[in-house]
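Listed below are the residues making up each chain.
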Amino acid sequence: MSKTKMVSIVAGCYNEVDNVEELTRRIGLAMSQFPDLDYEIILIDNDSVDGTDQKIKQLCDADKRIKAIINVRNFGHIRSPYHALLQAQGDAVIGMASDLEDPPELIVDFVKNWLAGSKIVIGVRRSHEEKGITPYLRKIYYSLITRISEVDQVRNFTGFGLYDKRVMDILREIKDPYPYFRGLICEIGYPRVEVPFDKPLRKSGLSKGNFFVYLDSALLGVVNHSKAPLRLATIIGGTMSGLSFMLGVYYFVRKIIAWDDFQVGFAPLAIALFFFLGVLFFLVGMLGEYIGLLVTHTVKRPMVVERERINFD
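What comes next is a walk through the structure. (Residues numbered from 1 in each chain as written. Predicted model: local features only at pLDDT ≥ 70, side-chain atom pairs only at ≥ 80, totals over all residues. Heavy atoms only, no water.)

**Looking at a nonpolar patch on the surface**
A cluster of nonpolar side chains, Val249, Phe252, Val253, Ile256 and Ile257, forms an exposed patch at the surface whose accessible area comes to about 500 Å². Along the polypeptide, isoleucine 257 turns up in helix α9 (residues 228-257). According to the relative accessible area criterion, isoleucine 257 is exposed, its value standing at 69%. (Patch = residues over 30% accessible without salt bridge, like charges linked within 9 Å, V, L, I, M, F, W, Y side chains within 5 Å. Areas by Shrake-Rupley, 256 points an atom, 1.4 Å probe, with all protein chains shown as cover. Salt bridge = Lys/Arg side-chain N within 4 Å of Asp/Glu carboxyl O. Helix = DSSP H or I, 4+ residues; strand = E, 2+ residues; numbered from the N terminus. Buried < 20%, exposed > 50% of the residue type's maximum accessible area, 1.4 Å probe, protein only.)

**Overview of the packing of helix α6 (residues 165-174) against helix α7 (residues 181-188)**
In the contact formed by α6 and α7, the axes pass within 11 Å of each other and the chain directions differ by 115°. Comparing the axis directions of α6 and α7 gives the class roughly perpendicular. Judged by the sense of rotation from one axis to the other, the crossing of α6 with α7 is right-handed. For the pair formed by α6 and α7, the contact residues are Val167, Ile170, Leu171 and Ile174 on the first element and Phe181, Leu184, Ile185 and Ile188 on the second. (Axes fitted to C-alpha atoms, helices over the stretch in contact; angles between N-to-C directions. Parallel < 35°, antiparallel > 145°, perpendicular 65-115°, else oblique. Left-handed = near helix turned anticlockwise from the far one by under 90°. Contact = heavy atoms within 4.5 Å.)

**With respect to the pairing of strand β3 (residues 66-71)**
Burial within β3 is extensive, with six of its six residues counted as buried. Burial along β3 is two-sided: Ile66, Ala68 and Ile70 and Lys67, Ile69 and Asn71, pointing in opposite directions, are all buried. Bridge analysis of strand β2 (residues 38-45) against β3 gives five bridges, and the strand direction is parallel. The residue of β3 that forms the bridge with leucine 43 is alanine 68. In terms of handedness, the path from β2 via helix α2 (residues 52-62) over to β3 forms a crossover that is right-handed. (Pairing = 2+ DSSP bridges. Right-handed = clockwise from strand over helix to strand, strands pointing away.)

**What to know about the nonpolar core**
With 36 residues, the main nonpolar core has Ile9, Ile107 and Val111 as its most contacted residues. If you list the elements that add at least two residues to this core, you get β1 (6-13), α1 (20-31), β2, α2, β3, β4 (92-97), α4 (106-115) and β7 (192-198). Contacts of valine 111, omitting those with residues within four sequence positions, involve Met31, Phe34, Leu37, Ile94 and Leu162. Core analysis: the second largest hydrophobic core is formed by 26 residues, Val10, Leu85, Val154 and Val304 among them. (Core = buried A, V, L, I, M, F, W, Y, C linked by side-chain atoms within 4.5 Å.)

**Re the side chain of glutamate 16**
Residue position: glutamate 16 is located in the loop between β1 and α1. By relative accessible area, glutamate 16 is classed as buried at 3%.

**Topic: helix α3 (residues 76-87)**
In a regular helix each residue adds 1.5 Å, so 12 residues correspond to 16 Å; α3 covers 17 Å between its end C-alpha atoms and thus fits that length. Of all the residues in α3, the buried ones are Ile78, Arg79, Ser80, Tyr82, His83, Ala84, Leu85 and Leu86. (Expected span 1.5 Å × (residues − 1).)

**Here's the deal with unusual backbone geometry**
Backbone geometry places aspartate 47, a non-glycine residue, at a positive phi of 60°. Counting through the fold element by element, aspartate 47 comes out in the loop between β2 and α2. Since its relative accessible area comes to 27%, aspartate 47 is described here as partly exposed. The phi torsion at asparagine 311 lies on the positive side, around 70°, for a residue other than glycine.

**Some thoughts on the environment of lysine 55**
Among the secondary structure elements, lysine 55 is positioned in helix α2. Filtering out sequence-adjacent residues up to four positions away, lysine 55 remains in contact with Val17, Val20 and Glu21.

**Brief notes about the pattern of salt bridges**
What the rule picks out here adds up to 13 salt bridges. One salt bridge in this structure joins lysine 67 and glutamate 40, with 2.6 Å as the shortest N-O distance. Of the two residues, lysine 67 is situated in strand β3 and glutamate 40 in strand β2; the sequence distance between them amounts to 27 residues. Put simply, Glu22, Arg26 and Glu105 are held in one network by salt bridges that share partners.

**Observations regarding the environment of arginine 125**
Relative to the elements of secondary structure, arginine 125 occurs in strand β5 (residues 120-127). Taking C-alpha positions, arginine 125 is 8.4 Å from arginine 155, a pair spaced 30 residues apart along the chain. Non-local contacts of arginine 125, meaning those with residues more than four positions away in its chain, are made with Glu101, Asp102, Asn156, Thr158, Phe197 and Lys199. Among the polar contacts listed, one links the side chain of arginine 125 to the side chain of aspartate 102, at a separation of 3.4 Å. (Polar contact = N/O pair within 3.5 Å; in protein donor to acceptor, adjacent residues only side chain to side chain.)

Written out as structure tokens, the structure is:
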């Protein structure tokens, strides 16, 4: 007899005490439409301070299909959920946020497409409730990363989706300690099914996204999947050197021709100096991002350190 297939649903948690119970309930309702499939829910708590870990333990006591990983400290918004994804042993693994901004009801569409043969099924956001300059910056970033990336990137994809066991096995072999997950999914190259959805308004808790979180993800996406900044540095360096040389020749010739009448002054020198320094610091910063990424891969620190596991066999 064939083994019953299992779906693992993984959600990273940080200060989501008011959302985790509804999350597990709605996941259960979605999976109840597939009586021939087993499922497990893996919640990883990233050292919450609002009692989320205690709430998760209560859920685990009530339902053995709910499993938990409790971290000893906060390991960040990238490492913690990715670690939990790699621990899942299902025939398909679904990664999602625990704040209910990734609707659990989409699991039905994900699983149906997976049963039909798709190896990757992802949720793509159609709309955002964000206001101000953030949506425009997001649009500019996606346009930039799409142009400079060495592989096609998916706009408005945050990692919410279903990944077949074959895909997960490839991710485990890569052993990336600080991955740009959405870029890795595109890098693997399997055909993907995109399921559009509208991002719902958050009902409880506060958003964990801020400028530094978005900046971290944005820079990680650039340095992981494009060498364009390094090549740009070479081009800019060569261009600036050439322009500086020609400008120097121009001023030298003018001064020789009209030694007493032509006053160069300090304005061109100051403007050029501050401009070149600005470009230099930008390029050094980008170079530092690449070096930092190499250090992260070389040091071999643990992705997370677990305090305890619950309901894992």
